[in-house]
Amino acid sequence: MAARAPFAGWRVLELSNGIAASYCGKMFVDAGAAVVKVESPQGDSVRCWSARPGGSAGALFGYLAAGKKSVNDGAETAALLAGADLVLTDLTDGWTVDAITAHTGAAAVVVAVTPFGMTGPYVEDQVVANEFVLQALCGSIASRGWPGEEPVQAGGRLGEWLAGTFAAAVAAATTRHATRCGRGEVVDVSTYEAMVIAMGGLSTMSASVLGADSLLYQRSLELPSIVPTADGMVGFCTITAQQFQDLLIMIDRADLVDDAELASFAGRVQRRDEFLGMVTHWTQTRTTQEIIDIAVAFRIPVAPIATPASLPTVDHFVQRGAFVESELGVLQPRVPYRSDAMAFRPPGRPPRLGADNGSVRWPPRPQRPEGPGAGALPLCDIRITDLTAFWAGPVATQLLGALGADVIKLEGVRRPDGMRFSAGRPPDWDQWWEWGPVFLCSNNNKRGVSVELSTDAGRAVALELMAASDFVIENFSPRVMDNFGLTWDVVVAANPRAIMVRMPAFGLDGPWRDRVGFAQTMEQATGMAWMTGHADGPPVIPRGVCDPIAGLHAAFAAVAALAIRDRDGVGIHVEATMVEAALNVAAEMLVEYSRNGIELRRQGNRGPGATPQGVYPCPGDDEWVALAATDDAARASLARLIKRPELDPREDAWRERADEIDKLISDWTARHPVAQAVAALRAAGIAAARVTEPAALLSDPQLLARGFWETVDHPVAGSFLCTGMPFAFVGKPRRWIRRVPPLYGEHTDEVLTGILGRSQQDLLELRAAGATSARPAGL
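Position numbers for residues start from 1 in each chain and track the written sequence from start to end. Note on the predicted model: pLDDT of at least 70 is required for a residue's local features to be given, and 80 or more for side-chain atom pairs to be given and counted; whole-chain, interface and lining totals, by contrast, use all residues. Side-chain measures were taken over the full set of non-hydrogen atoms in the model, leaving aside hydrogen atoms and water.

## Observations concerning the domain arrangement of the chain
Moving on, step 1. Domain boundaries shown here were taken from an automatic or database domain assignment. The assigned domain composition of the chain is domain 1 (11-215 + 315-363 + 526-596), domain 2 (238-300) and domain 3 (612-698).
Moving on, step 2. With centres defined by C-alpha atoms, the gap from domain 1 to domain 2 works out at 37 Å.

Below, the structure is given as structure tokens:
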């Protein structure tokens with residue numbers, strides 16, 4: 001079968017003025033859709049964006065807009081809306097959903113990506129927020145940095161890229177459904193809610209499930225993380241106790257393996273200087289590559305710290321062809337998933353403003369009669385055999401499950417999903433493996449089945465389930481599926497219509513193929529860490545966002561594969577790697593260096609697009625206010641507020657005196673309780689928010705008013721608030737969690753008898769053979 005573009009023939013109209021909706025549109029261009037960008041007479045503000053004040057504009061726009069068409073003649077917009085399958089908008093330039101839907105057909109899908117969503121008290125009160133202020137609100141900033149020091153943002157405006165990816169995944173599934181059943185949806189996507197899930201959510205979920213004194217709730221960095229070497233920097237990640245013990249042995253401190261205090265993170269924080277001293281004493285006498293080679297042999301997650309200049313030279317990225325040149329000669333990440341069945345175009349040129357006025361002819365889509373399933377969830381016809389674990393893979397399958405898929409989660413008897421055991425209850429608790437907060441918040445809408453794949457009987461059960469499913473999704477390292485004998489050729493032989501989505505950390509080939517990789521490793525290897533931290537300090541990992549970003553890209557790739565199978569009726573093998581998804585959302589660093597020679601780096605809480613921008617101390621214990629002045633009017637208001645009305649409001653003037661002005665603002669905030677400071681700043685038209693600790697999100701008025709938190713009544717962990725999805729179908733009840741996260745093996749009998757037709761005698765024999773179990777082995 002010849003490779004085809006997944007969404008060839010889809011018509012997508014983009015009405016956007018920033019990153020989120022524009023990146024969403026880029027993902028559809030990559031998948032073969034025709035994307036037309038409708039702009040104001042002045043054009044998208046990203047056209048003028050420069051990562052450095054006074055620098056050359058256009059690098060980021062070129063990445064986001066390549067392959068799109070541009071129309072800025074308002075007279076053409078109504079006809080384009082009438083012919084669109086999908087409309088992407090951020091509701092800037094005066095657009096409203098009503099104005100859009102007045103022209104779209106009933107089968108069109110409209111996806112609006114806005115800071116807070118379209119409803120709620122923050123919308124009614126017209127709260128102004130850029131990415132930085134949203135990071136303060138969502139718990140991200142409060143969770144990053146050492147206790148007692150100024151907390152710090154995640155660099156690179158990751159929340160906007162994240163929201164765009166969420167929007168793309170739900171848009172793809174919903175548009176596929178609309179083209180089949182003749183009825184579209186209006187989808188309300190909240191950037192804030194997406195950031196709560198992926199950037200503040202781990203600590204929030206820990207507080208919800210375990211209480212506000214849980215470890216994940218505390219502000220901290222990881223130890224060890226990024227440390228100097230003889231010729232640069234290297235990043236470690238020791239998630240498991242075994243990895244930490246192996247690290248001690250690697251740095252020639254086997255004498256500390258039995259040190260119980262050092263084995264705990266809290267103990268390492270108390271002995272931070274001592275511990276970092278022994279680590280850096282070892283690393284600074286070795287080159288980065290020497291350290292990586294040794295750590296890989298120990299199976300310790302490790303990575304070089306990528307910079308704009310070093311990214312294109314990393315051996316793994318070079319050998320896998322992870323970067324491609326656009327028609328303008330700019331180096332950029334390639335599409336982060338691939339398949340022999342999918343055709344991808346090289347990155348084209350970004351359109352000149354209005355270049356396609358009068359040349360795009362989209363006749364109105366014919367009105368399709370509403371077919372079966374018009375009122376159902378988009379993926380109600382799909383079943384998934386889910387072999388994923390930890391966070392990235394479960395995010396992908398949970399999203400697909402929320403959209404209606406029947407997700408059957410397979411967990412081994414010997415090695416269940418490791419997140420069951422992470423940061424929950426101690427082993428002296430009854431059923432302690434049911435308390436992992438991350439597991440509980442990323443495995444809703446799934447049925448849990450116990451299957452030991454290392455046994456012949458368990459492997460046979462897994463193959464039967466795969467034969468009865470539409471998708472097989474897994475995120476093991478590549479050798480694991482090879483060892484189980486569940487490679488693509490075996491799966492497709494059992495089910496010629498199967499779509500197998502594999503999510504290895506680094507890919508199915510390349511020199512890093514078999515390395516252990518977690519989100520922290522990806523953040524170190526892709527430049528995200530390089531962009532995060534104080535200007536005079538070391539890089540800092542954003543901490544975790546790579547997992548959901550990888551899961552969302554994989555979910556989008558899964559729906560893209562489904563579109564091909566809908567047309568051609570064949571099975572498809574898809575590779576969607578975590579590291580290349582991370583490279584795509586960290587692309588600005590690379591494209592600015594490739595096009596303009598600008599080596600972006602961390603700036604603490606400052607950033608382009610707002611001056612001043614930062615967090616400032618207020619009275620109280622670890623109380624901070626975040627503010628961002630995005631234009632001259634905001635700076636003039638701020639000058640009056642801090643009793644310095646004579647300050648020149650122009651951005652250049654404030655940037656030249658940045659340290660002095662930060663001191664003036666700090667003097668003002670130090671005299672105002674944080675709630676009072678936020679109220680005064682917002683009343684003056686300045687984007688501001690309290691630097692919110694994650695636990696406080698559980699009572700956030702915007703999240704509560706929109707129904708973002710959903711109550712889970714779990715048979716072991718009890719009742720707690722859980723993150724739903726960061727979007728709503730307008731006009732429909734908002735309830736994404738229809739099935740609580742499964743107990744270990746809870747649905748084994750139900751699935752094996754109901755789907756596979758196994759008898760009760762079969763179930764007894766499987767249990768006796770160790771192919772299934774009611775509880776994980778060894779507990």
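## Digging into the pattern of salt bridges
Moving on, step 1. Criterion for a salt bridge: a side-chain nitrogen of Lys or Arg within 4 Å of a carboxyl oxygen of Asp or Glu. Taken as a whole and assessed by the stated rule, the structure comprises 52 salt bridges.
Moving on, step 2. We note a salt bridge from arginine 176 to aspartate 381, for which the minimum N-O separation is 3.2 Å. Taken together, the positions of arginine 176 in helix 7 (residues 158-181) and aspartate 381 in the loop between strand 12 (337-338) and strand 13 (383-387) put the pair 205 residues apart, joining distant regions of the chain.
Moving on, step 3. Given the relative accessible area of 37%, aspartate 381 is considered partly exposed.
Moving on, step 4. Residue arginine 650 is joined to aspartate 648 by a salt bridge in which the shortest nitrogen-to-oxygen separation is 2.6 Å.
Moving on, step 5. Note on exposure labels: buried denotes an accessible area under 20% of the residue type's maximum, exposed denotes more than 50%, and partly exposed covers the range between, all computed with a 1.4 Å probe on protein chains only. For arginine 650, a relative accessible area of 53% corresponds to the exposed category.
Moving on, step 6. Through salt bridges with shared partners, a single network forms among Arg320, Arg334, Arg338, Asp509, Glu575 and Glu580. By the criteria applied, helices consist of DSSP H or I runs no shorter than four residues and strands consist of E runs no shorter than two, each listed in order from the N terminus.

## Here's the deal with the nonpolar core
Moving on, step 1. Membership of the largest hydrophobic core comes to 170 residues, with the highest contact counts inside it found for Phe7, Phe28, Val111, Tyr192 and Phe727.
Moving on, step 2. Element by element, the count of residues in this core is highest for helix 21 (residues 546-568), at 15 residues.
Moving on, step 3. Two domains each donate at least three residues to this core, and these are domain 1 (11-215 + 315-363 + 526-596) and domain 3 (612-698).
Moving on, step 4. Excluding its chain neighbours within four sequence positions, the residues that come into contact with phenylalanine 727 are Phe166, Val170, Val187, Asp188, Val189, Glu193, Leu399, Leu403, Arg734 and Trp736. Residues grouped as a nonpolar core are buried Ala, Val, Leu, Ile, Met, Phe, Trp, Tyr and Cys residues, joined through side-chain atoms within 4.5 Å. Whether two residues touch is decided by their heavy atoms; if any such pair falls within 4.5 Å, the residues are in contact.

## Here's the deal with empty space enclosed by the protein
Moving on, step 1. Grid points spaced at 1 Å and placed over the protein atoms alone form the basis of the search, with a cavity being a set where a 1.4 Å probe fits but cannot get out and a pocket an open set showing protein on both sides within 12 Å along at least five of seven lines. Lining residues have an atom within 4 Å of a point. Grid points are joined across faces, edges and corners, and a volume is the space filled by probe spheres set on the points. The tally for this structure, following the rule as stated, stands at 6 cavities of 30 Å³ or more.
Moving on, step 2. Volume-wise, the largest cavity comes out at about 130 Å³.
Moving on, step 3. As for the largest cavity, its lining consists of 13 residues, of which Ile197, Val395, Gln398, Cys441 and Met725 are closest to the centre.
Moving on, step 4. Secondary-structure elements contributing two or more residues to the lining of the largest cavity are helix 8 (191-210), helix 15 (392-402) and helix 16 (437-442).
Moving on, step 5. Looking at the lining of the largest cavity, its residues break down into 8 nonpolar, 5 polar and no charged.
Moving on, step 6. As for the second largest cavity, its lining consists of Ala82, Ala84, Asp85, Gly105, Ala106, Ala107, Ala108, Gly182, Arg365, Pro366, Gln367 and Arg368.
Moving on, step 7. A class-by-class count of the residues in the lining of the second largest cavity yields 6 nonpolar, 3 polar and 3 charged. In the scheme used here, Gly and all other residues not listed as nonpolar or charged are polar, with Ala, Val, Leu, Ile, Met, Phe, Trp, Tyr, Cys and Pro taken as nonpolar and Asp, Glu, Lys and Arg as charged.

## Quick notes on the sheet that holds strand 21 (residues 687-690)
Moving on, step 1. At least two bridges found by DSSP between two strands are what make those strands a pair. An order of 19-20-21 is seen for the 3 strands of this open sheet, with the pairing classed as antiparallel. The sheet is open, and its two borders are formed by strand 19 (613-617) and strand 21, each paired with just one other strand. Sheet twist, expressed as the mean angle between neighbouring strand axes with direction ignored, is 20°.
Moving on, step 2. By the bridge criterion, 5 bridges tie strand 19 to strand 20 (residues 624-628) in an arrangement that is antiparallel. Residue pairing across strands places proline 617 opposite tryptophan 624, the latter belonging to strand 20.
Moving on, step 3. To get an axis, fit a line to the C-alpha atoms, keeping to the stretch in contact for a helix; angles then go from 0 to 180 degrees between the N-to-C directions. Here helix 26 (residues 658-669) sits on the sheet and contacts strand 19 and strand 20; the angle it forms with strand 19, its principal contact strand, is near 40°.
Moving on, step 4. Sitting on the sheet, helix 27 (residues 674-683) touches strand 20 and strand 21, and the angle it makes with strand 21 is about 165°.

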